[in-house]
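Spelled out, the chains give:
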Amino acid sequence: EEASSTNELTAVYTTVLDKPEDVNHVPNSNFEANLNTMNKIKEKEWEINFNTNLRFLDRSLPVYDPEKKGLTLVDALLQAKYSDQDLSFLAEAGDVYINETQATVQGLARKGGRLSLGYKDVVLNAFVVNGVQTFGYRVFTDDLGIEGRTDDHIMGVSGQVNLFSDRVNFKTVYTQGGEPADSFGISSTGGTRHGDVLGFALKTDIIPQ
């Protein structure tokens, strides 16, 4: 049995002692505090993790979107794992990271959920995430991104088989959904994107190196 909580708190306060009268874009005072917390509970083959970042921001001038004054839950991830010699299980909710294949879904960081089930050399995955990239959570008002339609969510399934002591790997991926053009931190000249894709990937390492 194991239980741990790791917390790191940083706080920075700045103030301007003097500045020209025509400089109005520099705040007279700025206070920012960040709390990073990582929590784990483990018992035999089961493990539960909860990681989050909290931020408090206050300054004498208005802030620009997506930042907000006051307390903000910047990100959060709840994770449950199970692993033994043959069986593995993973469930995630919150800020998840989806990485399937280079030509289908790769490096997709969104709010949503993911499930993964593995038995010996076979792994099955399923995910659903919000198509809109957002910054932070409004506690008790924002959903987790695991419910909605395919025009504003991205969802998919994949299956993977490892053969010959992991020297041959075959994977198939199917995903569908949509992504608006005005997501936070995303620039796209093509505007809104929507569709589905079916992909196959074969990786071999018969001769080492």
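In what follows, the structure referred to is the one given above.
Residues numbered from 1 in each chain as written. Predicted model: local features only at pLDDT ≥ 70, side-chain atom pairs only at ≥ 80, totals over all residues. Heavy atoms only, no water.

> Where do I start with the sheet that holds strand β4 (residues 70-83) in this structure?
Backbone-to-backbone hydrogen bonds pair the strands of a sheet. The strands run either parallel or antiparallel. An order of β1-β2-β3-β4-β5-β6-β7-β8-β9-β10 is seen for the 10 strands of this open sheet, with the pairing classed as antiparallel. Two strands close off the open sheet at either side, each with one partner strand: β1 (2-15) and β10 (193-204). On average, each strand axis in the sheet is inclined to that of its neighbour by 10°, with strand direction left out of account. Pairing between strand β8 (residues 153-163) and strand β9 (residues 168-179): 10 bridges, direction antiparallel. Bridged to Ser 158 within β9 is Val 173. (Pairing = 2+ DSSP bridges. Helix = DSSP H or I, 4+ residues; strand = E, 2+ residues; numbered from the N terminus. Axes fitted to C-alpha atoms, helices over the stretch in contact; angles between N-to-C directions.)

> Looking at this structure, I do not really get a nonpolar patch on the surface. What am I missing?
On the surface, a cluster of nonpolar side chains totalling about 620 Å² of accessible area is made up of Val 157, Phe 170, Tyr 174, Leu 198, Phe 200 and Leu 202. Here the nonpolar patch takes 3 residues from β10, the largest share from any one element. By the secondary structure assignment, Phe 170 is in strand β9. (Patch = residues over 30% accessible without salt bridge, like charges linked within 9 Å, V, L, I, M, F, W, Y side chains within 5 Å. Areas by Shrake-Rupley, 256 points an atom, 1.4 Å probe, with all protein chains shown as cover. Salt bridge = Lys/Arg side-chain N within 4 Å of Asp/Glu carboxyl O.)

> Honestly, the pattern of salt bridges in this entry has me stumped. Any pointers?
Per the stated rule, a full pass over the model turns up 6 salt bridges. Across the salt bridge formed by Arg 55 and Glu 67, the nearest N and O atoms sit 3.5 Å from each other. Note that Arg 55 is positioned in strand β3 (residues 46-59) and Glu 67 in the loop between β3 and β4, a separation of 12 residues in sequence. Glu 67 gets classed as partly exposed once you look at its relative accessible area, which sits at 28%. Glu 92 is the partner of Arg 114 in a salt bridge, and the nearest nitrogen-oxygen pair spans 3.1 Å. Residue Arg 114 is located in strand β6 (residues 108-119), and its partner Glu 92 is located in strand β5 (residues 87-98); the two are separated by 22 residues in the primary sequence. According to the relative accessible area criterion, Arg 114 is partly exposed, its value standing at 22%. The class of Glu 92 is buried, set by a relative accessible area of 10%. Within the structure, one salt-bridge network assembled from shared partners comprises Glu 32, Arg 55 and Glu 67. (Buried < 20%, exposed > 50% of the residue type's maximum accessible area, 1.4 Å probe, protein only.)

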